[in-house]
Amino acid sequence: MPQKSAVKPFVEVLSGRRQTVPPAWMMRQAGRYLPEYRELRAKAGSFLDLCFTPEYAAEVTLQPIRRFNFDAAIIFSDILVIPYALGRSVRFEAGEGPRLDPLDTPEQVTTLARAADFAKLEPVYEALRRVRRELAPDIALIGFCGAPWTVATYMVAGRGTPDQAPARMMAYRHPEAFAKIIDVLVENSIQYLLGQLKAGADALQIFDTWAGVLPPREFERWSIEPAKRIVAGVRAKVPDAKIIGFPRGAGALLPAYVEATRVNAVSIDWAAEPSLIRERVQNQVAVQGNLDPLALIAGGAALDRAVDDVLANYGQGRLIFNLGHGIQPETPIAHVEQMIKRVRAYKG
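Treat the numbers as computed from the prediction; the structure is a model and nothing was measured.

Trainee: Give me the pattern of salt bridges: which residues, what numbers.
Mentor: The tally for this structure, following the rule as stated, stands at 15 salt bridges. Arg17 is the salt-bridge partner of Glu12, the closest N and O atoms lying 2.7 Å from each other. Overall, the relative accessible area of 18% leaves Glu12 in the buried class. With a shortest N-O distance of 3.1 Å, Glu126 and Arg129 are connected by a salt bridge. Of this pair, Glu126 and Arg129 both sit in helix H7 (residues 122–134), three residues apart, roughly one helical turn. With a relative accessible area of 29%, Arg129 lands in the partly exposed category. One connected set of salt bridges, linked through shared partners, spans Glu122, Glu126, Arg129 and Arg130.

Trainee: Describe empty space enclosed by the protein, listing the residues and the values that go with them.
Mentor: In this approach, a probe sized like a water molecule rolls over the atoms, and the result shows the empty space that is left. Going through the model one piece at a time under the given rule, you end up with one cavity of 30 Å³ or more. Along the walls of the largest cavity sit Trp149, Arg168, Ala171, Tyr172, Leu214, Pro215, Glu218 and Trp222, which together make up its complete lining. The set of elements that each furnish at least two residues to the lining of the largest cavity consists of helix H9 (165–173) and helix H11 (216–237). Here the lining of the largest cavity takes three residues from H9, the largest share from any one element. Broken down by class, the residue content of the lining of the largest cavity amounts to six nonpolar, no polar and two charged.

Trainee: Can you tell me about the packing of H9 against helix H10 (residues 175–198), naming the residues and giving the values?
Mentor: Running from amino to carboxyl end, H9 crosses H10 at an angle of 120 degrees, the nearest separation of the two axes being 5 Å. Comparing the axis directions of H9 and H10 gives the class oblique. When H9 is examined against H10, the residues Ala167, Met170, Ala171, Tyr172 and Arg173 are found in contact with a partner set consisting of Pro175, Ala177, Phe178 and Ile181. Here the contact of H9 with H10 is composed, by residue class, of eight nonpolar, no polar and one charged.

Trainee: Requested: an account of the sheet that holds strand E7 (residues 265–267), with residues and values cited.
Mentor: Strand order in this open sheet of seven strands is E1-E4-E5-E6-E7-E8-E9, and the pairing throughout is parallel. Each edge of the sheet is formed by a strand with only one pairing partner; in this case those strands are strand E1 (72–74) and strand E9 (319–323). Neighbour to neighbour, the strand axes of the sheet diverge by 25 degrees on average, direction disregarded. Relative to strand E4 (residues 140–146), E1 runs parallel, the two being bridged by three bridges.

Trainee: So, the pairing of strand E2 (residues 90–93): which residues are in play, and what are the values?
Mentor: Summarising the sheet, E2 and strand E3 (residues 97–100) pair through four bridges and their orientation is antiparallel. Residue pairing in the sheet places Glu93 in a bridge with Gly97 of E3. Two successive antiparallel strands, E2 and E3, enclose a turn made up of three residues, where Gly95 displays a positive phi of approximately 75 degrees.

Trainee: Give me the UniProt feature "domain: Uroporphyrinogen decarboxylase (URO-D)" (unreviewed entry) in the protein: which residues, what numbers.
Mentor: In this structure's numbering, the residues bearing the UniProt feature "domain: Uroporphyrinogen decarboxylase (URO-D)" (unreviewed entry) are residues 23–32 and 142–158. Helix makes up 0% of residues 23–32 and strand 0%, and the two end C-alpha atoms of the span are 23 Å apart. Its end C-alpha atoms 28 Å apart, residues 142–158 is made of 59% helix and 29% strand.

Trainee: Tell me what's going on with the layout of surface pockets, and back it up with residues and numbers.
Mentor: Taken as a whole, the largest pocket encloses approximately 1500 Å³ of empty space. Contributing to the lining of the largest pocket are 44 residues, with Arg28, Arg32, Phe47, Asp78 and Phe92 lying nearest its centre. Secondary-structure elements contributing two or more residues to the lining of the largest pocket are helix H2 (35–44), E2, E3 and helix H8 (148–157). Here the lining of the largest pocket is composed, by residue class, of 20 nonpolar, 14 polar and ten charged. Its volume calculated, the second largest pocket comes out at about 170 Å³. Pro255, Val258, Glu259, Arg262, Val263, Arg280, Gln284 and Val285 are the residues that line the second largest pocket. The class makeup of the residues in the lining of the second largest pocket is four nonpolar, one polar and three charged.

Trainee: Go over the nonpolar core, please, and point to the residues and values.
Mentor: In terms of nonpolar packing, the biggest core is built from 134 residues, with Phe10, Phe178, Ile181, Val234, Leu291 and Met339 touching the most fellow members. For this core, the element with the most residues is H10, which contributes 13 residues. What Val234 contacts, discounting residues up to four positions off in sequence, is Ile190, Leu193, Leu194, Leu197, Leu204, Ala241 and Ile243.

Trainee: Quick one: what's the story with the side chain of Gln164, residue by residue and with numbers?
Mentor: Along the chain, the position of Gln164 falls in the loop between H8 and H9. A residue is classified by how much of its surface remains accessible, and Gln164, at 1% relative accessible area, is buried. Polar side-chain contacts of Gln164 include one of 2.7 Å to the side chain of Thr161. When sequence neighbours within four positions are dropped, the list of residues in contact with Gln164 reads Thr153, Tyr154, Arg159 and Trp210.

Trainee: Residues and numbers for H2, please.
Mentor: Every buried residue belonging to H2 is among Tyr37, Leu40 and Ala44, and all of these are buried. Down the axis of H2, the sector holding all buried residues measures 70 degrees, keeping them to one side. Those residues of H2 that are exposed and aimed more than 90 degrees away from the buried face are Glu39, Ala42 and Lys43. In this structure, the buried side of H2 is in contact with helix H3 (47–51) and helix H4 (54–68).

About the cut-offs
- Residues numbered from 1 in each chain as written.
- Predicted model: local features only at pLDDT ≥ 70, side-chain atom pairs only at ≥ 80, totals over all residues.
- Heavy atoms only, no water.
- Salt bridge = Lys/Arg side-chain N within 4 Å of Asp/Glu carboxyl O.
- Buried < 20%, exposed > 50% of the residue type's maximum accessible area, 1.4 Å probe, protein only.
- Helix = DSSP H or I, 4+ residues; strand = E, 2+ residues; numbered from the N terminus.
- 1 Å grid on protein atoms, 1.4 Å probe; cavity = no way out; pocket = protein on both sides within 12 Å on 5 of 7 lines; lining within 4 Å.
- Points joined across faces, edges and corners; volume = space filled by probe spheres on them.
- Nonpolar A, V, L, I, M, F, W, Y, C, P; charged D, E, K, R; others polar.
- Axes fitted to C-alpha atoms, helices over the stretch in contact; angles between N-to-C directions.
- Parallel < 35°, antiparallel > 145°, perpendicular 65-115°, else oblique.
- Contact = heavy atoms within 4.5 Å.
- Pairing = 2+ DSSP bridges.
- UniProt positions renumbered as here; feature names shortened; annotations may be inferred.
- Core = buried A, V, L, I, M, F, W, Y, C linked by side-chain atoms within 4.5 Å.
- Polar contact = N/O pair within 3.5 Å; in protein donor to acceptor, adjacent residues only side chain to side chain.
- Arc of directions from axis to C-beta.

Here it is in structure tokens:
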């Protein structure tokens, strides 16, 4: 007889069922704060080789689960694999971040391929399959993509910039050309996410790291609408797909994002206003967050207070405990252990 699948607390929350002890994981939990990650990163050579070697990517994904027994693993990859699969030059320079060939004029946009070569992304799917085989049945596996707006900011400028002004300027000056970039990213992100679900992901997250730099009108056009199309496109093929949105810095625009996109949960950053989130967001969907990563570095009583604040603010509703953004490389491992112990002791 087939075994009954184990209950995954993380998926339960996304399915509308609050957990007494909130499930917990951390964005960027597979990363430089772990010595075993740094060791494998050095062995792999380049960052992209680490992402596209399934054995390595799977191992890195599993490392924080072995240490901390989080309730979810997130596949180790990068938001810029879609531009890579579209044939763009993508490289990562030590200490400098990503470098791409800029798409900063309407003429350059005409060189953008419409369809990705998904054979280039097969290593990501293979890594997902490997992790799924290794994970305990009660631990969820998360796939992800970058939101079109955030990915486009890197594609236009060819790199990260302090306020992503190049993409914002292009969206104002050449909205039709910029919309073509967004359309290509929407269409290919849908296919990429469907492939991740097929490979074993239990849920998906859409990372819109740069959503907070957009004024309300542009936020609706370039953050909300593309995310809405991605969610609809994925659910057209997988109706019960569980999807988390993370429009970082959205603030008071979060309720509109939730209503329009129909995500199952939103990640919130550490500056989110608790009453707004409780009354206008968490009453609609699950909330994920929102410990300040610097509180995690600080440790001690300050960390305990910050963890308790998150639990007091959101623990009575559907909550997935997480950080308000990614864990920083200098974070002491002992502080992560302190955090997870305190969350697991919560009885809401």
